[in-house]
Structure formats: C-alpha cells, structure tokens
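# Inside the fold
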Amino acid sequence: MRRVVCLEFGDPSALRILEEPTPRPRPGEVLVELTAVGVSFVDGLLVRGAYQVRPPLPFTPGSCVAGRVVAAGEGVANPPLGTAVATVLADFGGYASHVTVPADTVVPLPADVTPDIAAAAMESYLTLVFATTHRLTIGPGEHVVVLGAGGGVGQAAIDVARSLGARVVAVASTEDKRAAAKAAGAEVTLGYDNLKDGIRAATGGGADVVIDPVGGPAAESALRALTTGGRFCVLGFASGDIPRLPANIVLLRNRSVVGVDWGDWSREVGGPRGNAALLADVLARIGRGELHPARPSTASLTDTGRVLQLFGERRAVGKYVLHP
C-alpha cells in the first residue's frame, strides 16, 4: 500500500509517500481499497501544526474516504466484499491506498453517488447537515448569507440552505468564486466591500442567518447585518483571523451566535456510529437529488503538497479529491 506521511510539521511540500505492506483487518474490521480521498483546508492546518489538534508525528492526513471493501476480519458479515463504501476516519490516515476501519462505521454508497462525490462532499456536508439538525434552524423563505461561498464548505452551505427553502446570498472574494456560488444555488452574490450595506440591500433589511467559515473583519460586518432574531453561525476561521464579536451587537435585536463543531460532536457525543448514521443520511439525500454537491477537481497522491498549498493560499475553488 501507499500512504502520504507527515514527518514534521511545516510546509506541505515536505510530505513524503511511503510504500508499506497492506494491513490485514482485525476482528470486527474491514479493509477498504480507496478510490477517492477528500482534501480539506483543515488537512493543511494539521500538516503545518496550526490546528487545535496536533496528531503525534509521524502521521498521515485525511479523514473522508471512499472505496470498496476488499477483505473482512473475523466476525464481519456485512458489508459484503466488493461493496462500495464511504467512511470518516476517527484518527486521520486517509491519504493512502488502503485503510482498515470498524465494519459498523462504513456506509454503503447509494447507486447514484460516486466515490469522488462522496469523498469530496463528506466533511462539508456533514458539517452543514449537523449544523442545521443539531445547532440551528433555517426556515423556508429565510435569507441566509454564506461567507467564503466559493470554497467547499461555502458551497455546501448554499446547497443545504437552498434545500431547506432558504434564499441564499453568497459572499466571495473573486469573480470565479462568485460564479461557483451562483452555480451552487445562490440567488445573489456579493464581494466583501461595504458588506453590511450590501447584505441589507440584498435581503431587504437584514439576514436571518449568517454562516461564517472564514472569520476576519467580515464577521462583524455580517453580524451587524442580521435582522431581529438573526443567527450568526460560526464554522471556522479560514482567514486565519479569529474575530472579536461585539457582545452589544449580539444583544441588540435578540441576535444569537451559534458555534458549530461537527468534528468534536463526531468524536465525543455522536461517536463513530452516530456519525455513520449522519453520513448515511447525507449520502441518501445526495442519492435522492435533494442535495447537489459539485463535481470535485482530482489529483494524485503525488500532488498532495501542491493541492494543500492551494487550500492554504485560499486559491482552491470548490473541493478536491486524491486518487490513490
């Protein structure tokens, strides 16, 4: 088997590919030959040692994978060998050609969902479906503003909000990112200049929900553009700048700030099996055509450093998957 290894925290260009014996599944596990591995902004932070979790070195990045079951350990009857599956790895290790995982944490792919779509969509869509089922509500006709709308999380936010009947205003930094947001289902697209006034004009007075995976100075402008009872949803800080949101603006007009940490929930509360149930729901919605993740760009394991650099420099549009 092949896997990408981070030997020391730093620039992704220092990642190495190792050739190793293919592992055998232990009792209760399956061996999955990977077809597609999702790449995320968080993976780059992990490699640089800049994320809130620092795996012990050496480690292999990657969590969201799809492939087919090629071997089963003792006591495993399902899924059958050859089944196309997807899963989220609890302790990274996805940038590889094979992984062993507990059999009850893999989810069979619906017939109309490809491994590329599954691997690319998992992290972003699990985050947004978790947010809208566990942390906040979005009602039909509400105005939802999505910051960072050209990235994978932003596009998933647009799609999930649209599926709930919301009217989406997408905010992105470049024309190509705004075009991608429009293709994902946004009714209106904006840049970051004069953001508060732009949001108020686009929503007819104020947004009901702001979804922010970016942070930075745009966060306060968007918070100030919320209407009465508006909800500001904190997903992350892709800009690298954690904002200091003024509490008086939250208090005024009964606004709320809601934190969303799907990763923590999947590890500590829902656990691997609860997360597998959430993943099954997401994949079923994609299979039924309720959600429409965009086709990802693709690269090989040897291109891992280059792709992570694109994410780190915020030049990536949409999602990427690696083909082992």
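Everything below is about the structure shown above.
These lines cover the structure that appears in this document, whether it is placed above or below. Here the structure is a predicted model, which means the values were calculated and not measured.

### Some thoughts on unusual backbone geometry
- The omega torsion of the bond from leucine 57 to proline 58 falls at -10°, within 30 degrees of zero and hence cis.
- Structurally, proline 58 can be placed in the loop between α1 (41-48) and β4 (64-72).
- Across the junction of asparagine 78 and proline 79, the peptide omega takes the value 0°, indicating a cis bond.
- For arginine 253, which is not glycine, the phi dihedral falls at a positive 65°.
- Mapping arginine 253 onto the fold places it in the loop between α7 (247-251) and β13 (256-259).
- Taking relative accessible area as the criterion, arginine 253 reaches 39% and is therefore assigned partly exposed.
- Phi at asparagine 254 is positive, roughly 55°, even though this residue is not glycine.
- Mapping asparagine 254 onto the fold places it in the loop between α7 and β13.

### Some points on the pairing of strand β15 (residues 320-323)
- Of the strand pairs in this sheet, strand β3 (residues 29-39) and β15 are connected by three bridges, and their pairing is antiparallel. Looking at β15, one finds that valine 39 is bridged to tyrosine 320.
- In the sheet, strand β14 (residues 297-300) pairs with β15 via four bridges, with the strands oriented parallel. Pairing of serine 297 across the sheet is with tyrosine 320, part of β15.
- Remark: the β14/helix α10 (residues 304-312)/β15 crossover connection has right-handed handedness.

### Examining the side chain of glutamate 142
- Following the sequence through the fold, glutamate 142 ends up in the loop between α2 (115-135) and β8 (143-146).
- At 2.9 Å, the side chain of glutamate 142 forms a polar contact with the side chain of arginine 231.
- If near-sequence neighbours (up to four positions away) are discounted, glutamate 142 is found in contact with Thr137, Ala166, Arg167, Asp208, Val209 and Arg231.

### Things to note about the nonpolar core
- The biggest cluster of nonpolar side chains holds 51 residues, and the ones touching the most others in it are Ala86, Leu126, Val144, Ile158, Ile211 and Leu283.
- With twelve residues, α2 is the largest single contributor of residues to this core.
- Apart from the residues within four sequence positions on either side, isoleucine 211 is in contact with Leu128, Val144, Val145, Val146, Leu147, Ala157, Cys233 and Leu235.

### Details of the side chain of threonine 132
- Structurally, the position occupied by threonine 132 is in helix α2.
- Classification of threonine 132 as buried rests on a relative accessible area of 14%.
- Here threonine 132 is in contact with Ile138, Val160 and Leu164, once residues within four sequence places are set aside.

### What to know about helix α4 (residues 175-184)
- When we look at burial in α4, the residues that qualify are Lys177, Arg178, Ala180, Ala181 and Ala184. Looking down the long axis of α4, one finds its buried residues gathered within 155° of arc, a one-sided arrangement. When the buried face of α4 is taken as reference, the exposed residues oriented beyond 90 degrees from it are Glu175 and Ala183.
- The inward-facing, buried residues of α4 contact α3 (152-163), β9 (167-171) and β10 (188-190).
- Just downstream of α4, glycine 185 is the residue with a positive phi angle, here 125°.

Parameters and conventions
- Residues numbered from 1 in each chain as written.
- Predicted model: local features only at pLDDT ≥ 70, side-chain atom pairs only at ≥ 80, totals over all residues.
- Heavy atoms only, no water.
- Helix = DSSP H or I, 4+ residues; strand = E, 2+ residues; numbered from the N terminus.
- Buried < 20%, exposed > 50% of the residue type's maximum accessible area, 1.4 Å probe, protein only.
- Pairing = 2+ DSSP bridges.
- Right-handed = clockwise from strand over helix to strand, strands pointing away.
- Polar contact = N/O pair within 3.5 Å; in protein donor to acceptor, adjacent residues only side chain to side chain.
- Contact = heavy atoms within 4.5 Å.
- Core = buried A, V, L, I, M, F, W, Y, C linked by side-chain atoms within 4.5 Å.
- Arc of directions from axis to C-beta.

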